[in-house]
Amino acid sequence: MNVNDSEHIGGLLQQEGLKPVSSWQESDLIIINTCAVRQKSEEKLFSLLGRLKPWKQKKKKTLGVIGCVAQLRREEIFAKAPHVDFIVGPDNYHRLLELIKFEAKQMATNWHSDWYEISALPLRASQSSAYVTIMEGCNNFCAYCVVPFTRGREKYRPFTYILDEVKKLADLGYQEIHFLGQNVNSYRDQASGKDLVDILEKANQISGLRWIRFITSHPRYFDQRLAKAMASLEKVCAQLHLPLQAGSNNILSLMNRGYTREEYLEKVAMIREYIPSISLSTDIIVGFPGEEEEDFQQTLEMLEKIKFDNIYSFRFSPRPRTAAAKLEDNVPPETKRQRLLEVQARQKEIQSAKHKTQVGQVMEVLCTGKSKKDERIFSGRNEAYQVINFAANEEVMGKFVLVKITDYGPYSLRGKMHSFVD
Ligand code: SAH
Ligand code: SF4
């Protein structure tokens, strides 16, 4: 989501005649986009601001902080880093250009109930794969999560704006779309009542597109209608990120997730019934307040039962204003560290075993990058969103190719390029 926000801001700046430079030292304007989801990223902002001080003092330079930490820590940023010129929260990017131009310090962190469309064409790094926002904010208030306080309440982008953007992207040659929102299952067009399934159905009809994905789904709202649509719409990938967070009902309830482990398992079974080849990934938090050893064992059990294709795992860190910040953060740091290692080690085995079965398969891969170490090695993703590395030349960038899997590691597959896909 932050990558997409930065692309929009890049587009706005470009429309104003500003040009990107190859190193930050050369720039006259630096805008730092920030994430507040975990404590660590917040700490990184303050150390980065310290490092930028000599640059800012050199000549007339402008420095801004935007995003969720800007929203959350506005006073603290100005107090600790007086060399910052402006602070803009996620609901105020449409005002960014106006604020940059002021000489005096500026701050925009108020909320707006209407959707503001940024009309400038986003400055996207990729020419083949694009993020498309469908909603902003979140109403779920999971006990650990700061997002509802930094991005505000849910706001839905009008259906027609979404489809117009997708059509434009397809005309420009984009082949993959990721629809974005904190909780895409809640999407409702205010004018027509259309939902995520309606977006997927319409996007599926747009010629030129090949793959359609969406992120993030909330297990509480993921329903049969959506699973059916995924199964029947050929461009919608058989891939889903469905954050579990924890395996014990006690912790899920303290987290205010709105489902039990049994309900989560039922959802997975329902999804697998409709889409047997579904690639499933999830998020796991270890060390939530009150997490006992037996609760943690139930998280491991869920990994074992479901056998996710990928997981993103985190140690709980208390975030300001959240319900969990009021609970005692009583799992010792060493226990959190151990649990995280254990989750990751268990998942590593699960993934290795799954990847082993894929050797010999031929699959379509959208090439999106290349190795920094070896310029002959390119990488991409398949429909299941797995990372695949293969030897090729520059021609493959942004293209669909067929790759035969020859080897694997726990986090990626390796293969031999066969041919281009027509
Ligand atoms: N809206 C998405 C993304 C939320 S943030 C969703 O609901 O899935 C991404 C992930 O960060 C979360 O799924 C959660 O696993 C993790 N996370 C959020 N707050 C956290 C905290 N306080 N400590 C540790 N991990 C956290
Ligand atoms: Fe945070 Fe929960 Fe909303 Fe995701 S659904 S953004 S975890 S409050």
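Residues numbered from 1 in each chain as written. Chains lettered and ligands numbered in written order. Predicted model: local features only at pLDDT ≥ 70, side-chain atom pairs only at ≥ 80, totals over all residues. Heavy atoms only, no water.

All right, on to the packing of aromatic side chains then. By the definition in use, this model includes six aromatic pairs. Consider the rings of Tyr-156 and Tyr-187, whose centres lie 5.8 Å apart with planes at 80°: the pair is edge-to-face. With a gap of 31 residues between them, Tyr-156 in strand S7 (residues 155–156) and Tyr-187 in the loop between strand S8 (176–180) and helix H9 (196–204) connect regions that are remote in the sequence. For the residue pair Tyr-156 and Tyr-187, the accessibility class agrees, reading buried in each case. Here Trp-211 and Phe-400 contribute two aromatic rings whose centre-to-centre distance is 4.8 Å and whose plane-to-plane angle is 80°, an arrangement assigned as edge-to-face. Taken as a pair, Trp-211 in strand S9 (residues 211–215) and Phe-400 in strand S16 (residues 400–408) lie far apart in primary sequence, 189 residues in all. You can call Phe-400 buried: its relative accessible area is 3%. An aromatic cluster is built from Tyr-259, Tyr-264 and Phe-308, whose rings are joined through pairwise contacts. One Lys or Arg, Arg-38, reaches over the ring of Phe-314 and ends 3.7 Å from the middle of that ring. (Phe/Tyr/Trp six-rings, centres within 6.5 Å; stacked < 30°, edge-to-face > 60°. Helix = DSSP H or I, 4+ residues; strand = E, 2+ residues; numbered from the N terminus. Buried < 20%, exposed > 50% of the residue type's maximum accessible area, 1.4 Å probe, protein only. Lys NZ or Arg CZ within 6 Å of the ring centre and 35° of its normal.)

With that settled, consider the pattern of salt bridges. Applying the stated rule across the entire model yields 31 salt bridges. One salt bridge in this structure joins Lys-56 and Asp-85, with 2.6 Å as the shortest N-O distance. Here Asp-85 lies in the loop between helix H5 (74–80) and strand S3 (86–88) and Lys-56 lies in helix H3 (residues 53–58), a separation of 29 residues in the sequence. Assigned by exposure class, Lys-56 and Asp-85 land together as buried. Overlapping salt bridges bring together Glu-7, Glu-117, Arg-124, Arg-157 and Glu-165 as one network. (Salt bridge = Lys/Arg side-chain N within 4 Å of Asp/Glu carboxyl O.)

Let us now look at the domain arrangement of the chain. Note: interface size is frequently given as the accessible area lost on complex formation between the parts. As assigned here, the chain comprises domain 1 (2–108), domain 2 (129–356) and domain 3 (362–420). Centre-to-centre separation of domain 2 and domain 3, based on C-alpha positions: 25 Å. Domain 2 puts 17 residues into the contact, and the matching count from domain 3 is 16 residues. Where domain 2 abuts domain 3, roughly 1500 Å² becomes buried across the two surfaces, and 59% of that area is made up of carbon and sulfur atoms. Of all residues in domain 2, the largest losses of buried area upon contact with domain 3 belong to Arg-210, Trp-211 and His-355, amounting jointly to 38% of the total for that side. Run the count over domain 2 and domain 3 and you get one salt bridge. Here Glu-364 makes a salt bridge to Arg-210, at a shortest N to O gap of 3.7 Å. Where domain 2 meets domain 3, there are seven residue pairs in polar contact (both at pLDDT 80 or more). Residue assignment for the side of domain 2 that touches domain 3 shows that the elements contributing at least two residues are S8, S9 and helix H14 (333–356). In terms of residue count, H14 provides more of the side of domain 2 that touches domain 3 than any other element does, five residues in total. Counted by class, the side of domain 2 that touches domain 3 contains four nonpolar, eight polar and five charged residues. (Domains from an automatic or database assignment. Contact = heavy atoms within 4.5 Å. Buried area = accessible area lost by both parts, 1.4 Å probe. Polar contact = N/O pair within 3.5 Å; in protein donor to acceptor, adjacent residues only side chain to side chain. Nonpolar A, V, L, I, M, F, W, Y, C, P; charged D, E, K, R; others polar.)

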